[in-house]
There are 2 protein chains.
Amino acid sequence: MTDLPATDVRPRGRRSGAILTALALITGAAPAAAETFRTDDYTVDVSTVASGLEHPWSLAFLPDGTMLVTERPGRLRLVVDRTLVDAPVSGVPDVYASGQGGLLDVVPAPDFADSNLIFLSYAERGDGGAGTAVARARLVREGMSARLEDVEVIFRQQPKTTTSRHFGSRLVFAPDGMLFVTLGERGQRPLAQDLSTHNGKVVRIVPDGSVPDDNPFVGTAGARPEIWSYGHRNPQGAALNPETGELWTVAHGARGGDEVNIPKAGRNYGWPVISYGRHYSGQKIGVGTHKEGMEQPVYYWDPSIAPSGAAFYDGDLFPEWKGDLFVGALKFQLLSRLDVEDGRVASEERMFEGAFGRIRDVRSGPDGAIWLLTDEANGQLLRVAPAE
Amino acid sequence: MTDLPATDVRPRGRRSGAILTALALITGAAPAAAETFRTDDYTVDVSTVASGLEHPWSLAFLPDGTMLVTERPGRLRLVVDRTLVDAPVSGVPDVYASGQGGLLDVVPAPDFADSNLIFLSYAERGDGGAGTAVARARLVREGMSARLEDVEVIFRQQPKTTTSRHFGSRLVFAPDGMLFVTLGERGQRPLAQDLSTHNGKVVRIVPDGSVPDDNPFVGTAGARPEIWSYGHRNPQGAALNPETGELWTVAHGARGGDEVNIPKAGRNYGWPVISYGRHYSGQKIGVGTHKEGMEQPVYYWDPSIAPSGAAFYDGDLFPEWKGDLFVGALKFQLLSRLDVEDGRVASEERMFEGAFGRIRDVRSGPDGAIWLLTDEANGQLLRVAPAE
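Residues numbered from 1 in each chain as written. Chains lettered and ligands numbered in written order. Predicted model: local features only at pLDDT ≥ 70, side-chain atom pairs only at ≥ 80, totals over all residues. Heavy atoms only, no water.

Looking at an unreviewed UniProt entry, chain A carries the name Glucose/arabinose dehydrogenase, with the source organism given as Rhodobium gokarnense.

So, in structure tokens, the structure goes:
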């Protein structure tokens with residue numbers, strides 16, 4: 001595409017995109033610019049599969065290889081045969097696109113091949129301000145276009161609050177079919193310890209929105225029954241550890257307190273009572289780093305890298321990286337590889353520092369490559385594969 | 001001292017040093033140049049307490065605050081009231097000062113206040129080449145000078161080999177009074193797995209050189225009874241974890257395989273069968289990173305930082321760092337702080353990168369400061385304290 005002459009007079013707007021997309025589909029995927037990097041274990045090529053995404057936030061793979069990409073302003077996009085489809089998916093719920101809010105995570109149902117259901121998390125307006133919500137919908141495709149049908153909101157963070165920060169939010173299906181949703185404290189720090197709210201919690205719901213009977217606070221007076229764990233600040237990354245089946249979360253801390261946690265039923269992860277960080281004012285947080293009854297992180301970053309999306313690598317192109325947790329960083333503009341051994345982090349490698357801008361999300365693709373999204377006005381979809 | 005005019009005609013040689021030292025003792029410690037650094041938790045001043053040390057390797061504190069410093073070519077020096085005494089301690093055993101060999105570690109006996117015993121590790125020549133040895137001796141002080149008496153070699157690595165690399169060696173007293181000695185494989189990789197040699201082992205001896213009855217290979221035919229653990233490459237750092245009483249070691253790996261281990265009785269730490277590194281040729285090592293019956297490191301560095309001395313911080317000047325493991329790095333010229341939580345590394349901070357050259361040793365001082373030695377021809381003794 002970049003080879004087109006500047007005097008090209010193709011019609012603007014959606015139609016031109018559709019034509020170009022069709023052309024690309026006919027002639028094969030558009031040639032991607034690749035940049036080569038040495039990492040500790042491999043020399044890798046990073047190629048740009050798509051650009052022009054507006055603050056993309058999450059990507060997901062469907063069983064046929066199609067990718068879904070959310071853009072924070074509220075669009076859901078398809079990437080077919082490594083080509084970005086110009087027309088967004090229609091029928092996406094209205095989102096509150098302000099500050100850190102907007103359209104956030106997307107995951108297909110484990111039985112997507114049969115059900116065509118996908119799940120979206122997003123910030124929505126409502127009484128009292130805004131909050132995170134989760135919707136499920138049926139993805140209906142017709143040629144290159146697609147729409148959502150039967151959209152149903154299955155979860156709403158309570159209460160809504162007036163800030164535009166710390167929404168979370170990632171969606172992870174557990175092996176038992178339950179859905180985890182990570183929720184920020186919306187800038188209302190003390191609420192992370194308050195079980196009567198969803199702020200700063202990981203919740204666990206049945207994919208129809210009902211509450212599983214075996215949630216830890218079912219039957220506890222004053223506690224919201226969806227809560228799985230609490231004391232979180234703003235978990236913008238989450239992934240299922242394929243080896244253990246456990247949920248791992250990655251959260252933004254205050255200055256110097258970004259954390260990796262393994263949220264367990266009913267446990268308290270300490271925010272804002274304990275933290276490895278400080279407030280951005282430099283003021284100390286809570287009582288320090290430890291407190292009886294509060295869990296320690298598996299790993300933390302000080303100084304903060306501003307971690308967002310996370311994924312365990314489970315492909316075959318990089319055997320040495322199998323089981324490692326990859327985390328994208330916004331402020332530090334890098335990809336962190338945590339070598340996970342026996343449930344602990346044995347080493348950290350940082351790659352691509354400053355090369356691509358803010359890295360919002362990372363996924364282990366069915367093709368064995370590592371896929372990244374950059375959080376920029378002209379955001380990119382990148383593919384990391386062994387150098388040719 | 002640096003203020004002396006260039007035309008100063010003071011006599012050269014040892015005597016001038018003694019005069020200057022005496023002057024310093026009279027007028028108080030020489031003013032130290034301090035450089036200020038921001039770390040994650042503190043702003044610190046790093047001051048040069050002594051310079052002109054020739055490849056210093058280890059430092060130790062005596063109960064009265066006097067410091068002992070080894071220089072690899074074979075000298076043992078005193079630092080009294082933060083002033084380097086010019087005259088080396090006499091009576092030090094002859095060392096094999098070549099390549100990585102020379103005078104290495106120094107530790108006082110736990111009962112030094114009564115016994116005046118110190119322990120030295122060093123490379124020595126002998127039948128077949130060179131190897132690591134451990135001597136104990138009585139330190140006799142007379143004014144500013146000191147000598148070793150009753151020098152007795154209590155351990156000799158067997159067999160001696162012809163290379164001049166991978167001697168180890170650190171000495172650590174366990175809480176039960178036993179002495180751990182870390183030993184490199186002398187460049188003879190397969191011997192690290194061979195229990196009939198001391199190469200690539202941690203040994204455990206009674207401080208008189210005899211073998212403790214409860215060592216793991218006592219009574220095992222063909223195994224040297226001093227062996228505590230095996231499969232080590234070149235452990236040049238070791239420290240007692242004050243919280244658990246366990247020995248922790250830090251070893252140079254091949255390219256990308258520097259390790260932190262907690263050597264336990266009779267266990268195999270895998271070199272050269274498993275490693276996170278590669279040979280410097282780029283060739284793969286052994287069978288990979290894991291093998292049944294071989295232990296995983298607590299932490300590793302890839303790429304290698306070339307770690308040497310290590311110490312757990314147990315002072316009061318930096319409360320946030322209590323219990324953290326500090327490791328000096330040669331190639332990367334930095335001080336690594338590993339935040340140790342529940343026996344695992346929860347985070348790493350790197351400080352002073354490139355500022356002082358190769359950092360050979362680190363100690364937690366009785367004054368609460370962190371003390372460093374730089375491995376240079378003009379090596380320095382540095383003190384890290386909170387900025388004033």
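Moving on to the overall build of chain A. Of the regular secondary structure elements, chain A holds two helices and 25 strands. In terms of overall dimensions, chain A is globule-like: its C-alpha atoms have a radius of gyration of 20 Å, near the 21 Å expected for 388 residues. The principal-axis extents of the C-alpha atoms in chain A amount to approximately 65 × 45 × 40 Å. With 388 residues in all, chain A has 59% of them scored as buried. Partitioning the contacts of chain A with sequence separation of at least 6, the portion at a separation of at least 24 is 56%. For chain A, the accessible surface area stands at approximately 15100 Å², while carbon and sulfur atoms represent 48% of it. Positive and negative side-chain charges in chain A, numbering 39 and 50 respectively, have mean positions lying 7 Å apart. (Helix = DSSP H or I, 4+ residues; strand = E, 2+ residues; numbered from the N terminus. Rg over C-alpha atoms; globule rule 2.2 N^0.38 Å. Buried < 20%, exposed > 50% of the residue type's maximum accessible area, 1.4 Å probe, protein only. Contact = heavy atoms within 4.5 Å. Areas by Shrake-Rupley, 256 points an atom, 1.4 Å probe, with all protein chains shown as cover. Lys, Arg positive; Asp, Glu negative; His and termini not counted. Charge placed at Lys NZ, Arg CZ, Asp CG, Glu CD.)

A word on the packing of aromatic side chains. One pass over the structure, following the stated rule, counts 34 aromatic pairs over all chains. Plain terms: the ring middles of Tyr276 of chain A and Tyr300 of chain A are 3.8 Å apart, the flat faces sit at 15° to each other, and that makes the pair stacked. With a gap of 24 residues between them, Tyr276 of chain A in the loop between strand E17 (258–261) and strand E18 (299–301) and Tyr300 of chain A in strand E18 connect regions that are remote in the sequence. For the pair formed by Tyr276 of chain A and Tyr300 of chain A, the shared burial category is buried. Site record: aromatic cluster; members linked through ring pairs are Tyr42, Tyr313, Phe318, Trp321 and Phe326 of chain A. Cation over ring: Arg186 of chain A sits above Phe167 of chain A, and NZ or CZ is 3.9 Å from the ring centre. The residue whose ring lies beneath Arg233 of chain B is Trp271 of chain B, and the NZ or CZ to ring-centre distance is 5.2 Å. (Phe/Tyr/Trp six-rings, centres within 6.5 Å; stacked < 30°, edge-to-face > 60°. Lys NZ or Arg CZ within 6 Å of the ring centre and 35° of its normal.)

Residue and element names in this part refer to chain B. Ordered in space as E1-E2-E25-E24-E23, the five strands form an open sheet in which the pairing is antiparallel. Of all the strands in the sheet, just strand E1 (34–38) and strand E23 (359–364) have a single pairing partner and so form its edges. Looking at each pair of strands side by side, their axes are set apart by 25° on average, direction ignored. Where strand E24 (residues 370–374) and strand E25 (residues 379–386) come together, four bridges link them in antiparallel fashion. Within E25, the position partnered with Leu373 by the bridge is Leu381. (Pairing = 2+ DSSP bridges. Axes fitted to C-alpha atoms, helices over the stretch in contact; angles between N-to-C directions.)

Our focus in this paragraph is the environment of Ser58 of chain A. Residue and element names in this part refer to chain A. Secondary-structure assignment places Ser58 in strand E3 (residues 56–61). Each residue touching Ser58, except ones within four places of it in the same chain, is listed here: Leu68, Val69, Thr70, Leu104, Asp105, Val106, Arg170, Asp361, Arg363 and Leu373. Polar side-chain contacts of Ser58 include one of 3.4 Å to the backbone nitrogen of Val106. (Polar contact = N/O pair within 3.5 Å; in protein donor to acceptor, adjacent residues only side chain to side chain.)

Bringing the pairing of strand E3 (residues 56–61) of chain B into the picture now. All names here are of chain B. Counting buried residues in E3 gives six out of six residues, a clear majority hidden from the surface. Note: E3 against strand E4 (residues 67–71), five bridges, orientation antiparallel. Residue pairing for E4: Ser58 is matched across the bridge by Thr70.

It is worth spelling out the relation of the copies chain A and chain B at this point. For these two chains of identical sequence, chain A goes onto chain B by a turn of 180° and a shift of 0.0 Å along the axis, with RMSD 0.0 Å. Here the symmetry operator amounts to a two-fold rotation axis. In this assembly, 96% of the residues forming the interface of chain A have copies in chain B that are likewise at the interface, indicating an isologous arrangement. (Least-squares fit on C-alpha atoms with pLDDT ≥ 70 in both.)

Glancing now at the pattern of salt bridges. Residue and element names in this part refer to chain B. Here the structure, examined in full by the defined rule, presents 60 salt bridges over all chains. Ionic pairing is found between Glu124 and Lys160, a salt bridge with its closest N-O pair at 2.8 Å. Here Glu124, found in strand E8 (residues 117–126), pairs with Lys160, found in the loop between strand E10 (145–156) and strand E11 (171–173); they are 36 residues apart in sequence, far enough to count as distant. Pair check on accessibility: Glu124 and Lys160 agree, each one buried. (Salt bridge = Lys/Arg side-chain N within 4 Å of Asp/Glu carboxyl O.)

This brings us to the interface of chain A and chain B. Listed as interface residues are 24 residues of chain A and, on the opposing side, 23 residues of chain B. For the pair chain A and chain B, the summed buried area comes to about 1900 Å², and 30% of that belongs to carbon and sulfur atoms. Summed over the three residues of chain A that lose the most area to chain B, namely Tyr300, Asp302 and Arg344 of chain A, the buried surface amounts to 25% of that side. Note that Glu320 of chain A is salt-bridged to Lys284 of chain B, the shortest N-O span being 3.7 Å. In this structure, the connection of chain A to chain B is made through 14 residue pairs in polar contact (both at pLDDT 80 or more). (Buried area = accessible area lost by both parts, 1.4 Å probe.)

It is generally the case that most residues other than glycine have a negative phi and that most peptide bonds are trans. Omega for the bond connecting Asp302 of chain A with Pro303 of chain A falls within 30 degrees of zero, at 5°, which places this linkage in the cis form. Residue placement: Pro303 of chain A occurs in the loop between E18 and strand E19 (307–312). A positive phi angle is found at Asn116 of chain A, which is not glycine, with a value near 60°. Relative to the elements of secondary structure, Asn116 of chain A occurs in the loop between helix H2 (112–115) and strand E8 (117–126). Taking the relative accessible area as the measure of exposure, Asn116 of chain A reaches 30% and is therefore partly exposed. In this structure, Arg186 of chain B is a non-glycine residue whose phi angle is positive, near 60°. Topologically, Arg186 of chain B is positioned in the loop between strand E12 (179–182) and strand E13 (201–205).

Spatial ordering of the open sheet is given by E3-E4-E5-E6 (chain A), a layout of four strands whose pairing is antiparallel. Strands at the two margins of the open sheet, each flanked by one partner only, are E3 and strand E6 (83–84) of chain A.

What follows is about the side chain of Asp324 of chain A. Residues and elements named next belong to chain A. Following the sequence through the fold, Asp324 ends up in the loop between E19 and strand E20 (325–329). Engagement of the side chain of Asp324 in a polar contact is seen with the side chain of Arg337, the distance being 2.6 Å. In contact with Asp324, not counting residues within four places along its chain, are Ala311, Phe312, Tyr313, Arg337, Leu338, Asp339 and Val340.

This next bit is on the UniProt feature "domain: Glucose/Sorbosone dehydrogenase" (unreviewed entry) in chain A. Within the UniProt annotation, "domain: Glucose/Sorbosone dehydrogenase" (unreviewed entry) is assigned to residues 53–383 of chain A. Each end of residues 53–383 of chain A is marked by a C-alpha atom, and these two atoms are 15 Å apart; helix forms 1% of the span and strand 43%. (UniProt positions renumbered as here; feature names shortened; annotations may be inferred.)

Residues and elements named next belong to chain B. Summarising the element assignment, Asp105 is placed in strand E7 (residues 103–108). You can call Asp105 buried: its relative accessible area is 1%. Distance in space between the C-alpha atoms of Asp105 and Gln380 is 17 Å, their sequence separation being 275 residues. Among the polar contacts made by the side chain of Asp105, one reaches the side chain of Arg170 at a distance of 3.1 Å.

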